[in-house]
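Observations on the model geometry
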Amino acid sequence: MASVTLKGIKKSYTKDVTVIKGVDLQIKDGEFVVFVGPSGCGKSTLLRMIAGLEDITEGELMIGDALANDVHASKRGIAMVFQSYALYPHMSVYDNMAFSLKLAGADKAEIDKRVQRAAEILQITHLLERKPKALSGGQRQRVAIGRAIVREPQVFLFDEPLSNLDASLRLNMRVELSKLHADLKTTMIYVTHDQVEAMTLADRIVVFNAGVVQQVGSPLEMYENPANLFVAGFLGSPKMNLLEAQLVGVENGLAVVRLPKGITVRAAVDASRATAGSKVTLGVRPEHIQLATEGDVGIPARVDLVEHLGDIVLAYVEIPGVNDILAVKLPGHYTNLKRGDAVRLVFPETSALVFDEAGLAFKRTV
Amino acid sequence: MAMGRNSRRIMGLTGHYAGLIAFAIFTAFPLWWAASVGLSTNPENMYSFPRSFWPTEPGLLWFAKVFTDMPFLTYLKNSTIMAVMTVVGVVIVSVLAGYPLARLKFVGSKTIFVIIILTMMLPSEVAMIPNFITMKHLHLINEYLGATVINFSAAFGIFLMKQAFEMVPQDLIDAARVDGATEMQILWRIMVPVSAPSIAALGIFTLVNAWNDYLWPSIILTSREKLPLAVGVFNDLTGPFATSDSMVMAAIVMTVIPVLVFFAFTQRYFVSGMDGAVK
Ligand SMILES: Nc1ncnc2c1ncn2[C@@H]1O[C@H](COP(=O)(O)OP(=O)(O)OP(=O)(O)O)[C@@H](O)[C@H]1O
Ligand SMILES: [Mg+2]
């Protein structure tokens, strides 16, 4: 097992296009780190650089205590699981898993022991004689993971391993990957653009955008305290509601912002570094918005669309004068809410976030 | 309605089969005619049309004479040796040249490929005199190797293997690289097996060409006991001392049969080698 350290890692495919723009990251021994980000942001590229499949243009990559920049992929102590599975089609499942050990010259008994053990962990012992084309997608993915396990790597690298599976299988495999990590306690780096996978699997999430790390942190920390607008909008489903606003006042530990039509909202953040009157963005998660009850004051709004999901109700509401439609996540018992209803919304001040003109979040005060 | 759909289906199938059968007859007809003449122990109808399309007094007389009146088995052996040498040579050269052209990045790879393809535009006869002189200096006149080596480096084969290797998913190569395979191991243990259908196609194509090669072997092979079938049959059975046209037909049929047998046995390698690799 080993830690992985990235220092100022950069990657350019051509002289003028830099895909990874300087990444610094410390991944601890045994940690499960998930890279998330939109398509094309460079997640795979970074993973492939760690794997040794792509040259590092600039910067240092340490695996364990050793500089790994110029070490061959097979000597880095890593194993990689590809999105496409990349099984050798002409070899049986057994031979697929044994291939790396055979190349390394391990003796037959040792190979057999390791393959059988990996097959047991993944429950594919009955498939060992088959060729990949006789397997289902889920089984192929298990074989691909098995091929990584037999190498007993110091670091596992996964590039969107579940994205070709259907929803229920994806859920199963996600749980199993979690268990696998708990059992093996090996460092794992996992790339996905699925934020649910990121939230559920990760010890720490690294959010990327356009080749730059946006934020690093534990899933909950990142969900509750996104560092900037990108992270705020990326994690969570439905997305956090982001509304353009104007900062009108900074009290001790409280920011007051004004939405169009003179609606004011208070948020428990420290906005003292901004000047009153500057443009800001108000952020409220759908599950934090409440409907006002009798007597409460609230922002008047109209229901645009209601989705009953059984356990929860998703309402999309419109505040007059505000362009964006807001998503509101309500408990399942709001069954008689319907399109066209007039409601009043409450944004609790302890859960509202405010972002400055550059998109950086103000610190919460509670 | 069901009837309507069924009869439409049957008509469609009938159309398909009619087309295919017509095509099969069209291509197989010359061979059929040759076989019919060769099987006629009585050659009197050989030139009567269309009576010669089926045998007169069928028998294997002329086929037997092919073995007794000329060294057929010697020619067959020579053809086999030379065809196998050519197939092996072409496959090795094509694989070794196709892989870097398809997969390795190096300066000038595109130019090299274009030059290789340009050689396809030249008629092979252009190269005969230089090749003959080269073979003479290599002391390969009247050798099997001399009769075949000039065909080893086939632009078509290199092109075919380059295309095949380009089809192999990058992930498969990366997986092998992570697993610790060297470039050569990736080539022989991953790329080649995965490209088996293309290699089989190249092999059969090359075999047929080598089997039917006439001009170059007839130039470079000087002794009768080294001649392949195409040259031997032609030399022995045609020309001023020709004995019988019936025997020519029997010999031709016998010449074609080994290729057909080989074809029948290798057909199964044409199934896709990439099934199950990715996704
Ligand atoms: N071989 C290459 N040559 C040039 N540009 C490349 C190459 N590979 C990737 N890129 C570019 O690098 C950027 C990052 O690609 P990368 O595959 O790392 O994205 P990703 O974050 O993995 O996206 P996805 O979620 O779609 O897999 C993209 O803009 C892509 O076009
Ligand atoms: Mg990717």
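Numbering of residues starts from 1 in each chain and follows the order in which that chain's sequence is written. The lettering of chains begins at A and the numbering of ligands begins at 1, in the order of writing. Note on the predicted model: pLDDT of at least 70 is required for a residue's local features to be given, and 80 or more for side-chain atom pairs to be given and counted; whole-chain, interface and lining totals, by contrast, use all residues. Side-chain descriptors were evaluated using all non-hydrogen atoms of the structure, hydrogens and water having been removed beforehand.

1. Remarks on the overall build of chain B
Counting secondary structure elements, chain B contains 13 helices and 0 strands. Each helix and strand of chain B, placed in order from N terminus to C terminus, yields the pattern α-α-α-α-α-α-α-α-α-α-α-α-α. Our radius of gyration looks at C-alpha atoms and nothing else; its globule reference is 2.2 Å times the residue count to the power 0.38. Taking 2.2 N^0.38 as the reference for a compact globule, 279 residues should give roughly 19 Å; the C-alpha atoms of chain B span a radius of gyration of 24 Å, well beyond that estimate. Projected onto its principal axes, the C-alpha positions of chain B cover 75 × 70 × 30 Å. Exposed residues in this analysis have more than 50% of their type's maximum accessible area, buried residues have under 20%, and partly exposed residues fall in between, with area computed by a 1.4 Å probe over protein chains only. Burial analysis of chain B (279 residues in total) assigns 39% to the buried set. Partitioning the intrachain contacts of chain B with sequence separation of at least 6 by distance along the chain shows that 72% fall at a separation of at least 24. Secondary structure elements follow DSSP: runs of H or I no shorter than four residues count as helices, runs of E no shorter than two count as strands, and numbering proceeds from the N terminus. Should any heavy atoms of two residues lie within 4.5 Å, those residues are considered in contact.

2. Things to note about the nonpolar core
Note that soluble globular proteins tend to have their nonpolar side chains buried in a common cluster. Residue and element names in this part refer to chain A. Counting 94 residues, the largest nonpolar core has Leu6, Ile9, Phe35, Leu46, Leu61, Leu157 and Ile189 as its most contacted members. Sequence-distant contacts of Ile9, defined by excluding residues within four places in its chain, comprise Ile20, Lys21, Gly22, Val23, Leu46, Met49, Ile56, Glu58, Gly59, Glu60 and Leu61. For our purposes a nonpolar core is just a set of buried Ala, Val, Leu, Ile, Met, Phe, Trp, Tyr and Cys residues, chained together by side-chain atoms within 4.5 Å. Membership of the second largest hydrophobic core comes to 45 residues, among which are Tyr94, Leu162, Met188 and Met222.

3. Brief notes about the sheet that holds strand E6 (residues 78-81) of chain A
Residue and element names in this part refer to chain A. A pair of strands is treated as paired once DSSP finds two or more bridges between them. Taken in spatial order, the 6 strands make up an open sheet running E6-E7-E8-E3-E9-E10, and their pairing is mixed. The open sheet terminates on both sides in strands that have one partner only, identified here as E6 and strand E10 (212-217). The sheet shows a mean angle of 15° between the axes of neighbouring strands, taken without regard to direction. Inspection of the sheet shows strand E3 (residues 32-36) paired to strand E9 (residues 204-209) by 4 bridges, in the parallel sense. Following the sheet pairing, Val34 is matched in E9 by Ile205. Lines fitted to C-alpha atoms define the axes, with helix axes restricted to the stretch in contact, and inter-axis angles between N-to-C directions lie between 0 and 180 degrees. Helix H5 (residues 167-184) rests against E3, strand E7 (155-159) and strand E8 (187-192) of the sheet, and its axis sits at about 160° to E8.

4. Things to note about the layout of surface pockets
A pocket, in this scheme, is an open set of points on a 1 Å grid over the protein atoms alone with protein on both sides within 12 Å along at least 5 of 7 lines, while a cavity is a set where a 1.4 Å probe fits but cannot get out; residues line either one if an atom lies within 4 Å of a point. Grid points are joined across faces, edges and corners, and a volume is the space filled by probe spheres set on the points. The calculated volume of the largest pocket comes to roughly 830 Å³. What lines the largest pocket is a set of 29 residues, and nearest its centre among them are Ser124(B), Ile150(B), Asn151(B), Ser153(B) and Ala154(B). Among the secondary structure elements, those contributing two or more residues to the lining of the largest pocket are helix H3 (72-103), helix H5 (128-137), helix H7 (155-167), helix H10 (196-212) and helix H11 (215-220) of chain B. At 5 residues, H10(B) tops the list of elements feeding residues into the lining of the largest pocket. For the lining of the largest pocket, the per-class residue count stands at 18 nonpolar, 9 polar and 2 charged. Taken as a whole, the second largest pocket spans an internal volume of roughly 690 Å³. Along the wall of the second largest pocket there are 26 residues; nearest its centre are Leu53(A), Glu54(A), Asp55(A), Lys105(B) and Arg177(B). When residues are grouped by polarity, Ala, Val, Leu, Ile, Met, Phe, Trp, Tyr, Cys and Pro land in nonpolar, Asp, Glu, Lys and Arg in charged, and all others, Gly among them, in polar.

5. Structural notes on the UniProt feature "domain: ABC transporter" (unreviewed entry) in chain A
This chain's UniProt record puts "domain: ABC transporter" (unreviewed entry) on residues 4-235 of chain A. Counted over residues 4-235 of chain A, helix gives 37% and strand 27%. Its end C-alpha atoms are 25 Å apart. UniProt positions are given in the numbering used here, feature names are shortened, and annotations may be inferred rather than shown by experiment.

6. Comments concerning the interface of chain B and chain A
Counting from both sides, the interface comprises 22 residues of chain B and, opposite them, 26 residues of chain A. Joining two parts hides part of their accessible area as seen by a 1.4 Å probe, and the buried area is that hidden amount summed over both. With both sides pooled, the region where chain B packs onto chain A buries about 2100 Å², and carbon together with sulfur makes up 62% of that total. Within this document, salt bridges are pairs made up of a side-chain nitrogen of Lys or Arg and a carboxyl oxygen of Asp or Glu, the two lying within 4 Å of each other. Linking chain B with chain A are 2 salt bridges, by the criterion used here. Here a polar contact means two N or O atoms within 3.5 Å. Within protein one must be a hydrogen donor candidate and the other an acceptor candidate, and residues neighboring in sequence count only if both atoms are side-chain atoms. Where chain B meets chain A, there are 7 residue pairs in polar contact (both at pLDDT 80 or more). Mapped onto the side of chain B that touches chain A, the elements with two or more residues apiece are helix H8 (170-178) and helix H9 (183-194) of chain B. The leading source of residues in the side of chain B that touches chain A is H8(B), at 7 residues. Of the residues belonging to the side of chain B that touches chain A, the class tally is 11 nonpolar, 4 polar and 7 charged.

7. As for the pairing of strand E13 (residues 264-267) of chain A
Consecutive side chains along a regular strand alternate between the two faces of the sheet. Residues and elements named next belong to chain A. By the alternation rule, side chains of E13 split into Val265 and Ala267, which are all buried, and Thr264 and Arg266, of which none is buried. Sheet topology places strand E12 (residues 254-258) next to E13; 4 bridges connect them, and they run antiparallel. If you follow Val256 over to E13, its bridge partner there is Arg266. Between E12 and the antiparallel strand that follows it, E13, lie 5 residues; Lys261 among them carries a positive phi value of about 65°.

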